[in-house]
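Residue-level listing of the chains:
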Amino acid sequence: MSRIIAFDYGTKRIGIAVTDPLQIIATGLDTVHPKDIIDYLKKYLLTEPAAAFVIGNPKQMDGSPSESAQHVKGFSTLLKKSFPEIPQHWVDERFTSKLAHEAIMQSGLKKQDRRNKERVDTIAATIILQYFMEEHRL
């Protein structure tokens, strides 16, 4: 089977999470600068095929698109152009960063390690992927 790859898109960093090949467990993979994401994925997909991409959909509390929605749509378009054979799914990402911060706080990491924004982005991507898996009962 193939993995599912999830993204928490940001203009400075993209958090990436993946499932195992059996699509049972979601795990944080990496954090990549947006300008490097396509090259990163091309290399990754050479050895690990993907069944789907899951993209965090940024929304306001009232459900309307957030300010970053246009950037995420641009990212989605870039993924479609670069990997047209891989389907995309969107997941509401409201509260994922907050949940990621809470998970880090509860992890017992030292204060300096808790400030690592890359870790927050990777955990947020993992939460997005977990939401997707729960919605689709993977």
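Thresholds, definitions, all that
- Residues numbered from 1 in each chain as written.
- Predicted model: local features only at pLDDT ≥ 70, side-chain atom pairs only at ≥ 80, totals over all residues.
- Heavy atoms only, no water.
- Core = buried A, V, L, I, M, F, W, Y, C linked by side-chain atoms within 4.5 Å.
- Buried < 20%, exposed > 50% of the residue type's maximum accessible area, 1.4 Å probe, protein only.
- Helix = DSSP H or I, 4+ residues; strand = E, 2+ residues; numbered from the N terminus.
- Contact = heavy atoms within 4.5 Å.
- Expected span 1.5 Å × (residues − 1).
- Arc of directions from axis to C-beta.
- pLDDT = per-residue confidence, 0-100.
- Phe/Tyr/Trp six-rings, centres within 6.5 Å; stacked < 30°, edge-to-face > 60°.
- Salt bridge = Lys/Arg side-chain N within 4 Å of Asp/Glu carboxyl O.
- Pairing = 2+ DSSP bridges.

Q: I tried to follow the nonpolar core on my own but got confused; where do I start?
A: Where a protein is soluble and globular, its nonpolar side chains tend to be buried together. Among the nonpolar cores identified, the biggest contains 20 residues, and I5, F7, I37, L41, L45, F53 and L79 are the most heavily contacted of them. No other element matches helix 1 (residues 37–47), which puts 5 residues into this core. If we skip the residues at most four places from it in the chain, L45 touches I5, A50, F53, F83 and I86. One finds A17, A26, V91 and A125 within the second-largest nonpolar core, a separate group that totals 12 residues.

Q: What is the right way to read helix 2 (residues 69–82) from this model?
A: For the α-helix, the turn length of 3.6 residues means that residues three or four positions removed from each other point alike. For helix 2, which comprises 14 residues, the first-to-last C-alpha distance of 20 Å matches the rise-based estimate of 20 Å (1.5 Å per residue) to within 8%. Looking only at helix 2, the buried set comprises A69, V72, F75, S76 and L79. What you see down the axis of helix 2 is that its buried residues fit within an arc of 115°, all on one side. Residues Q70, K73 and K81 are exposed on helix 2 and point more than 90 degrees away from its buried face. The inward-facing, buried residues of helix 2 abut strand 1 (3–9), strand 2 (14–19), helix 1, strand 4 (50–57) and strand 5 (88–92).

Q: So what exactly am I meant to see when it comes to the confidence of the model for the protein chain here?
A: The predicted structure's coordinates, where accompanied by low pLDDT, should not be read in detail. For the protein chain, per-residue confidence averages 85 on the pLDDT scale, and 77% of positions sit at 70 or higher. The least confident element of the protein chain is helix 4 (residues 111–114), whose mean pLDDT is 54; the most confident is helix 1, at 98.

Q: Would you mind showing me how to read the packing of aromatic side chains here?
A: How two aromatic rings sit relative to each other is set out by the distance from centre to centre and by the angle between their planes. For the structure on display, the rule yields 4 aromatic pairs. With centroids separated by 5.4 Å and ring planes inclined at 65°, the aromatic side chains of F7 and F53 adopt a geometry described as edge-to-face. Here the residue F7 occupies a position in strand 1, and F53 occupies one in strand 4, the gap between them amounting to 46 residues. Under the relative-accessibility criterion, F53 is labelled buried at 0%. The rings of F7, Y9, F53, F75 and F83 are connected pair by pair, giving a single aromatic cluster.

Q: Could you clarify how one ought to interpret the pattern of salt bridges in this entry?
A: If charged atoms from side chains of opposite charge come close, those side chains can pair. According to the stated counting rule, one finds 3 salt bridges in the structure shown. As a salt-bridge pair, E48 and R3 come within 2.8 Å of each other at their nearest N and O atoms. Of the two residues, E48 is situated in the loop between helix 1 and strand 4 and R3 in strand 1; the sequence distance between them amounts to 45 residues. Accessibility expressed as a relative area gives 24% for E48, which makes it partly exposed.

Q: In this structure, what is going on with the pairing of strand 4? I would like to understand it.
A: The side chains of a regular strand alternate between both faces of the sheet. Burial analysis of strand 4 places 6 of its 8 residues in the buried class, which makes it a mostly covered element. Pairing between strand 1 and strand 4: 5 bridges, direction parallel. Within strand 4, the position partnered with A6 by the bridge is V54. Two strands pair when backbone bridges link them, and strand 4 and strand 5 are joined in this way by 5 bridges, in the parallel orientation. Looking at the pairing, I55 lines up with W90 of strand 5.

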